[in-house]
Amino acid sequence: MRTDYDVIVAGAGSFGMSAGYRLAREGRRVLLVDAGDPPHADGSHHGQTRIARTAYTMGAAYVKLAIRAMRLWKELEAESAALRASDETCAGPLFDPIGVVSIGPAGSPFIRRKTESCLAFGIPHRRMSAEQVRAEWPGLSVPDTMEGLYEPDAGVLYSERIVRVYRRLALRHGAELLVRTAALRIERAGAGHVVHTTSGSFAAKRVLVTGGAWAGRLLPELAEAVTPVRKPIGWFEAPADRYGRDALPAFIVNAGGDEEYFGFPDLDGGGLKIGRHDGGRIAEPDRPPEPFGAYADDEAELRRALDRFLPGVGRLLRGQVCLYERTPDESFLLGEVPGRKDVWFAGGGSGHGFKFASAVGESMSRALTAGPDGDELDWRTFSLEGVIQS
Ligand SMILES: Cc1cc2nc3c(=O)[nH]c(=O)nc-3n(C[C@H](O)[C@H](O)[C@H](O)COP(=O)(O)OP(=O)(O)OC[C@H]3O[C@@H](n4cnc5c(N)ncnc54)[C@H](O)[C@@H]3O)c2cc1C
C-alpha cells in the first residue's frame, strides 16, 4: 500500500464515499479511511431509505444542488446497473420515484416557500387542499386547516445500498479503502498533509474530512458547529391497501412551528417507517447512542404522530437509532476549512443531506482537483467562514 496520495478522504459514508468514487473515477490517487465498515449503522446513512426531493425552502443554492443531485442519482443508477445485477449485496433500485407529499398548516411558510421554489425552477408539483389529500391517499388524516404539496418526480433513495455501490465503484476505479480505521489527527507536512490513523500515517496533497456527526473530533474547530443528535426511527405494521408502496408516497408532515415528521410507505413488507425531524437528544461523545426504546418517548412521540396523521397504522415492528449531524440553522458546510489550507470539509447535512450526496461528492471532487472555481457550486452559501471556533 502506498503512503502518498492526491487526496485522503477521512470518513467514507454518504458524502465521503461519493467524493471518493468521483475522485477515483477522475484518475486521482485517493485513500478512503473509515472508522466503521461502510455502509454501517454507526453514522447517519443507515435505516435503508432517505427522501429525495427538489422543492426546498432554504434558497436557490439548495434547489440547484438538489436538481443536480437528482440527475447524478439517475446516472449512478445507470452506471451501476450491471454491478447491481451481478452482485446480490447491491441488488435493487437506488432511487424509487414514488413521489413525496409535504403537508403543513394551510398558507404556512413551509408550504408556501416550497411552492415558490417549484415555480421558480419548473419543478413539477401539485398544491392540494386537505380534502384532495384525503381523497387521493385515504391512509392520511389531514384536518381542513392543513394543505399539501405533492412532488410527483420525488421519491426514495436507498441510502445503504448507495453507499455500498459507491464503495464498489470507487474501488473499481482504483481508490484504496481502510475500514475500521479512525483518522486521529491531520498535520501539515511540507506541501501537503499527514493523516495519522489507527492503522498508520498517510500523506496526501489534500484532505477531505467527511466524518459526519463526529467530524468535530477530527476538526475540533467544528465541534460547536456540528452537533450529533440521537434520532429514534420506527417501523410500524401497516395495511398495504392504504400504506403500501402503491398506496402512499413518502411524506413530510409539519404539524405547526418546528414540529416535523417524515416517513415512508411500507416498501417491502417491513413496515411503514416514521421519524421526527425536530428536537432530539444530543449524543454523548465516545459512546454509541442509547438504542431505540431506551427512552419511553422514542416510540410514544412517533405513535402520537401516527394516531394524528396516519391513524390506520398498527403496532411497532422495530426501531433503530441514527445520528443527525446538525448545524445551528441546518445549513450544510462545504468548503476549505479556514486556517487549514488544502483541508476541505463536507458535512452538516442536518438530517436532510443524503439526497445531495451525489452532487456534494462531485463538487468536492472538482474543488479538490481544480479549486472552487472548478465547480458551479455557490460556495458562499455553504462557507465555513463564521462557524469556526478559534
Ligand atoms: C434518521 C435519519 C433520517 C434522515 N432522513 C433523510 C432524508 O429523508 N433525506 C435526506 O436527504 N437526508 C436524510 N438524513 C440525513 C442524511 O442521511 C445525512 O445528512 C447524511 O447521511 C450525512 O452524510 P455524512 O457523509 O456527513 O455522514 P455519514 O454517512 O455518517 O458518514 C460519516 C462517516 O465518517 C466516519 N467517521 C467519523 N469519524 C471518523 C474518523 N475520525 N475517522 C474515520 N472515519 C470517521 C463514520 O464511520 C461514517 O461512515 C437523515 C438522517 C437520519 C439520521
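Every chain is numbered independently, its residues counted from 1 as its sequence is written. Only residues with pLDDT of at least 70 get local features here, since the model is predicted, and only at 80 or more are side-chain atom pairs given and counted; chain-wide, interface and lining totals rely on the full set of residues. Derived side-chain values reflect all non-hydrogen atoms in the structure, with water molecules and hydrogen atoms excluded from consideration.

It is worth spelling out the site of the ligand at this point. Note on terminology: near, applied to a residue and a molecule or strand, indicates that one of the residue's heavy atoms is within 4 Å of it. Near the ligand you find 32 residues, and of these Ser 14, Asp 34, His 40, Ile 51 and Cys 322 are the closest. What qualifies as a polar contact is a pair of N or O atoms within 3.5 Å, subject to a donor-acceptor requirement within protein and to the restriction that residues adjacent in sequence count only when both atoms come from side chains. The separation between an oxygen atom of the ligand and a polar side-chain atom of Ser 14 is 2.7 Å. Within the side chain of Glu 325, a nitrogen or oxygen atom sits 2.8 Å from an oxygen atom of the ligand. Protein contact buries 95% of the 1000 Å² of open area that the ligand shows by itself. Put simply, DSSP marks the helices as runs of H or I at least four residues long and the strands as runs of E at least two long, and each gets a number from the N terminus on. Those elements that provide at least two residues to the shell around the ligand are helix 1 (14–25), strand 3 (49–52) and strand 18 (316–326). Under the convention used here, a 1.4 Å probe and the Shrake-Rupley method define accessible areas, while residue burial counts only the protein chains that appear.

This part covers the packing of aromatic side chains. Working definition: a ring pair exists when centres of Phe, Tyr or Trp rings (six-membered ring for Trp) sit within 6.5 Å. Plane angles under 30 degrees give stacked, over 60 give edge-to-face, the rest tilted. The tally for this structure, following the rule as stated, stands at 12 aromatic pairs. Judged by centre distance (5.0 Å) and plane angle (65°), the ring pair of Tyr 62 and Phe 382 falls under edge-to-face. Note that Tyr 62 is positioned in helix 2 (residues 60–79) and Phe 382 in the segment after helix 10 (357–370), a separation of 320 residues in sequence. Any residue under 20% of the maximum accessible area for its type is buried, any over 50% is exposed, and the rest in between are partly exposed; the area is computed with a 1.4 Å probe on protein chains only. Using a relative accessible area of 1% as the deciding quantity, one classes Tyr 62 as buried. Residue classification places Phe 382 among the buried residues on the basis of a relative accessible area of 0%. Aromatic pair Trp 137 and Tyr 150: ring centres 5.1 Å apart, planes at 55°, arrangement tilted.

Before going further, it helps to spend a moment on the packing of helix 1 against helix 10. Here an axis means a line fitted to C-alpha atoms, over the contact stretch when the element is a helix, while the angle between two N-to-C directions is reported on a 0 to 180 degree scale. For the pair helix 1 and helix 10, the least separation of the axes is 7 Å and the interaxial angle reads 50°. Classified by the angle their axes make, helix 1 and helix 10 are oblique. As for the relative orientation of helix 1 and helix 10, their crossing is right-handed in sense. Listed contacts from helix 10 to Ser 14, Phe 15, Ser 18, Ala 19, Arg 22 and Leu 23 of helix 1 are Ala 357, Ser 358, Val 360, Gly 361, Glu 362, Met 364, Ser 365, Leu 368 and Thr 369. Only Asp, Glu, Lys and Arg are considered charged, only Ala, Val, Leu, Ile, Met, Phe, Trp, Tyr, Cys and Pro nonpolar, and every remaining residue, Gly among them, polar. Looking at the contact of helix 1 with helix 10 residue by residue, the classes come out as seven nonpolar, six polar and two charged. For classification, angles of less than 35 degrees are called roughly parallel, those exceeding 145 degrees roughly antiparallel, those between 65 and 115 degrees roughly perpendicular, and all remaining angles oblique. It is the rotation of the near helix from the far one that decides the hand of a crossing: anticlockwise by less than a right angle makes it left-handed, clockwise makes it right-handed. Here, two residues are considered to be in contact whenever any of their heavy atoms come within 4.5 Å of each other.

The topology assignment puts Ser 141 in the loop between helix 5 (130–136) and strand 7 (146–151). With 169 residues separating them in the primary sequence, Ser 141 and Leu 310 have C-alpha atoms 5.8 Å apart. Dropping the residues within four chain positions of it, Ser 141 is found in contact with Arg 308, Phe 309 and Pro 311.

The pairing criterion is simple: DSSP has to find at least two bridges between the two strands. Here we have three strands laid out as an open sheet, ordered 3-8-4, and antiparallel in their pairing. Each end of this open sheet is capped by a strand with a single partner; those strands are strand 3 and strand 4 (95–96). The pairing of strand 4 with strand 8 (residues 155–158) spans two bridges and is classified as antiparallel. Bridge pairing links Asp 96 to Val 156 in strand 8. Running over the sheet, helix 6 (residues 159–172) touches strand 3 and strand 8 and is turned about 50° from strand 8.

Between its first and last C-alpha atoms helix 6 spans 20 Å; for 14 residues at 1.5 Å apiece the expected length is 20 Å, and the two agree. The complete set of buried residues in helix 6 reads Ser 159, Arg 161, Ile 162, Val 163, Val 165, Tyr 166, Arg 167, Leu 169 and Ala 170. Phi turns positive one or two residues past the end of helix 6, at Gly 174, with a value near 105°. Multiplying one less than the number of residues by 1.5 Å gives the expected span of a helix.

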